[in-house]
Amino acid sequence: MARKYSSESSGQDESESSDYERRNRGKRDRESDRRSGKQNERRDERVDDDGDDKDRARVNERDVRDRDGRSGQRSERVERKESSEEEDGELVERDVGRREGERSRKYDEDDRRERERSRRYDEGDRRERERAHRYESEHRRRESEDGGRRRDRHERHDSEENGDEREGRRKSERRNDRTDDYKHRRHRREDGDRDDKYRRDKEEVNEREKGSRGFREREDRDNKGFEDSKPQRQLRVQEVDLNADNSKLGKSGGVYIPPFKLARMMKEVQDKSSVEYQRLTWDALRKSINGLVNKVNAANVKNIIPELFSENLIRGRGLFCRSCMKSQMASPGFTDVFAALVAVVNTKFPEVGELLLRRIVLQLKRAYKRNDKPQLLAAVKFIAHLVNQLVAHEIIALELLTVLLENPTDSSVEVAVGFVTECGSLLQDLSPKGLHGIFERFRGILHEGEIDKRVQFLIEGLFAIRKAKFQGYPAVRPDLDLVEQEDQITHEISLQEEIDPEIALDIFKPDPNFLENEKRYEELKKTILGDESEEEEGSDAASDDDEDDDEDEDDDEEEDEEQMKIRDETETNLVNLRRTIYLTIMSSVDFEEAGHKLLKIKLEPGQEMELNIMLLECCSQERTYLRYYGLLGQRFCMINKVYQENFDKCFVQQYSMIHRLETNKLRNVAKFFAHLLGTDALPWHVLAYIRLTEEDTTSSSRIFIKILFQELSEHLGIRLLNERLNDPTMQDSFESIFPRDNPKNTRFSINFFTSIGLGGITENLREYLKNMPRLIMQQEQAASESESDDESDSSGSSVTGSASSESDPSSSDESERDDRHRKRRRRD
């Protein structure tokens, strides 16, 4: 084995050595070939080099020449570039120098201006100091002079003993003081002070001090006892009335006197025609008219009118007109009431109505010239209602509208719109052509588009009111229609004519025929008011004589008051009840607490419906449906059947107005009633109000029905809901939901419930629709057979009368009854 292994290893060594020798031999051959190739190349290059020496020399010479030429050109370019750079440097230096010079000149100019400005400021300060110094020196000089004069005056005053001389000296001193003051003010004006304003302020302060001093004196006098001040007060009033000038007394009539004191003073005056008594009656008349006009409203205007006629309106017509205008200006909302009051007075005293109309027109013209919009609006509104009451002619309304719309502005158009809104209803009846022209002018203004957008919307609203024939804007309210049309006296006044307001009627003036005029007005008052005043006097006399009759009348009045019941037309109690219910519902934690609190509220009979309505309103106002409301409604339905009936009415009302509700409110209401139906708190016969046809439903009602039945299927399940709807005792209530009167309505109901995912409740309806053709054919066949049987029965009875008489009559009757029963069954 050893020999064999050694022979094998020697054979391998020989093969490896032969391979190594072959590789070395090939490498040596390649190396020799490379060396020979390089030698050949060197030899060829040497041969070529020897042949081309001359050409190379020529090429070298040419290259040298080219390099020399390029070096020369390069040097020239360098020289040109250096020269251009030098020129550019010189230009830059010149430009920089020029800019520096301009900047330095500008700085010098600014410095010069600053120095000039500071010099002017210094000059102004110097002048101001000089002026202040002069003013101070002048002021010290005047003070010293005034002090000297005052010292001299005091010395003379102390040395003088005669009172007349002292008084004369005082006057002269006052004159000197005024002269000094005048000189002082003149010097101050010369110094440039605003002495005019100072003098006005000083005078205002003095007047204010005088007024406050007089007010305090009057207050002190009024605070004293009546008995202590009575003689002095009477003497003072007599002096004012007899000695004072009427022009200085003003409109108020003198010093304020309390009413009880005024009445006592009037009783104490003996001479009824004296100026003192006339002034007292004038003050009483003014206060009475103001009081009556201020407290008038639509409810008591019929009671105020007799009291107003009891006052002397002829003497106090100026006071009445002024009081009406002031009250209307303060309360424009009561303009129609004041116009109704003036209309009644105008029927008896036309001069009063004409005076008021003239003053209002004058006020209108002044406000229009002054651009006083609030006063203009008040005057225009008063004129509009006087036109409605036929106190003013409609021509003044058209003339006023023409003036306002001649040169339209935002304010004038707005005032015109308000005027037409107030009296447009009457103008449409009395002057339709004139009103049409005014509206055409409004249309032109609207098309021009030169006014503000807000005013354009007002004009569009006015056109809408006209289209509705001024509904909601009547000429006269029924409770203010106090004068018949034929009894009214209409005044025609133009805006172009001169107007006398007769302001003197507002001021007291003594009347030499005072007593005669008062008697004449008393007679006139009796003719106006009838026998009411006499009856009042007679009743007073009778009350003094017969006390027993008064006691009986008092008892009757008490019985009438007991029988009388106050009715609240403002519905304040109802609003408070709704507020209480709302706050209770919203503040409760759960439905049990809310139900407990709501049951504690004392409700009058008939107010249970308010609780149902508020519960339903609160539920509909929520963003999402809350089960809290359904449980609360269920609790009330279980407690009292009245609430159940009220919810039945609410269901009908809500379904009839379902198209007015938003989608969120509609969903909440449907889920609320679905809860009541699912818990049997509400009877299912309410579904009879729903008629599910294409003609009787809208998109809103379909959404309501969809949400209602989907909620019922969630509460009860489809199987229990189907059983409820197939209850034989309730089929009359469900006929409107599952109609079988017309195949079209039947298909609509089936498709509707199928589309909302409740097709399972329409299985019976589908079966009925499937068998409907066969039933119709059976009904038609039964009808034809009944007609043929009737004809055969009639012919057989006429021909075989004797045979039928021989047969058994009881059997024939039974057969006829059987035939009729069969026919009825076929028809069913």
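Structural data are supplied above this passage.
About the cut-offs
Residues numbered from 1 in each chain as written. Predicted model: local features only at pLDDT ≥ 70, side-chain atom pairs only at ≥ 80, totals over all residues. Heavy atoms only, no water. Helix = DSSP H or I, 4+ residues; strand = E, 2+ residues; numbered from the N terminus. Contact = heavy atoms within 4.5 Å. Patch = residues over 30% accessible without salt bridge, like charges linked within 9 Å, V, L, I, M, F, W, Y side chains within 5 Å. Areas by Shrake-Rupley, 256 points an atom, 1.4 Å probe, with all protein chains shown as cover. Salt bridge = Lys/Arg side-chain N within 4 Å of Asp/Glu carboxyl O. Lys, Arg positive; Asp, Glu negative; His and termini not counted. Charge placed at Lys NZ, Arg CZ, Asp CG, Glu CD. Buried < 20%, exposed > 50% of the residue type's maximum accessible area, 1.4 Å probe, protein only. Core = buried A, V, L, I, M, F, W, Y, C linked by side-chain atoms within 4.5 Å. Axes fitted to C-alpha atoms, helices over the stretch in contact; angles between N-to-C directions. Left-handed = near helix turned anticlockwise from the far one by under 90°. Nonpolar A, V, L, I, M, F, W, Y, C, P; charged D, E, K, R; others polar.

A few points about the environment of A298
Structurally, the position occupied by A298 is in the loop between α7 (275–294) and α8 (301–310). Sequence spacing of A298 and F338 is 40 residues, and the spatial spacing of their C-alpha atoms is 9.2 Å. Those residues in contact with A298, other than ones at most four positions away along the chain, are V337, R477, D479 and L480.

Topic: a positive patch on the surface
The grouping of R67, R70, R74, R77 and R80 at the surface amounts to a positive patch. With respect to the helices and strands, the residue R74 is situated in helix α2 (residues 53–159). Classification of R74 by relative accessible area gives partly exposed; the value is 45%.

A short note on the nonpolar core
Membership of the largest hydrophobic core comes to 85 residues, with the highest contact counts inside it found for L313, F320, L386, V413, F419 and F442. Setting aside residues no more than four positions away along its own chain, F419 makes contact with V380, I383, A384, A397, L400, L401 and G424. Ranked by size, the runner-up nonpolar core spans 61 residues in total, among them A594, C650, L676 and I737.

Observations regarding the packing of helix α11 (residues 350–370) against helix α12 (residues 373–388)
Interhelical geometry of α11 versus α12 gives an angle of 145° and a closest axis separation of 9 Å. Considering the relative orientation of α11 and α12, their crossing is left-handed. Residues L356, L357, I360, V361, Q363, L364, A367 and Y368 of α11 pack against Q375, L376, A379, V380, F382, I383 and L386 of α12. Class assignment of the residues belonging to the contact of α11 with α12 gives a composition of 13 nonpolar, two polar and no charged.

Regarding the environment of S733
Mapping S733 onto the fold places it in helix α28 (residues 731–734). Along the primary structure S733 and A688 are separated by 45 residues, whereas in three dimensions their C-alpha atoms are 4.5 Å apart. Discounting chain neighbours no more than four positions away, the residues touching S733 are W684, H685, L687 and A688.

Remarks on the pattern of salt bridges
Per the counting criterion, the structure on display carries 28 salt bridges. The partner of E116 in a salt bridge is R120, with the nearest N and O atoms 4.0 Å apart. In this pair, E116 and R120 both sit in helix α2, four residues apart, roughly one turn of the helix. We classify R120 as partly exposed; its relative accessible area is 48%. Salt-bridge contacts for E138 lead to R141; the nearest nitrogen and oxygen are separated by 2.0 Å. Taken together, the residues span about one helical turn, with E138 and R141 both in helix α2 at a distance of three residues. A relative accessible area of 36% means that R141 is categorised as partly exposed. In the salt-bridge network here, residues are joined through shared partners; they are E123, R126, R127 and E130.

Function cannot be inferred from these measures alone, as they are strictly geometric.
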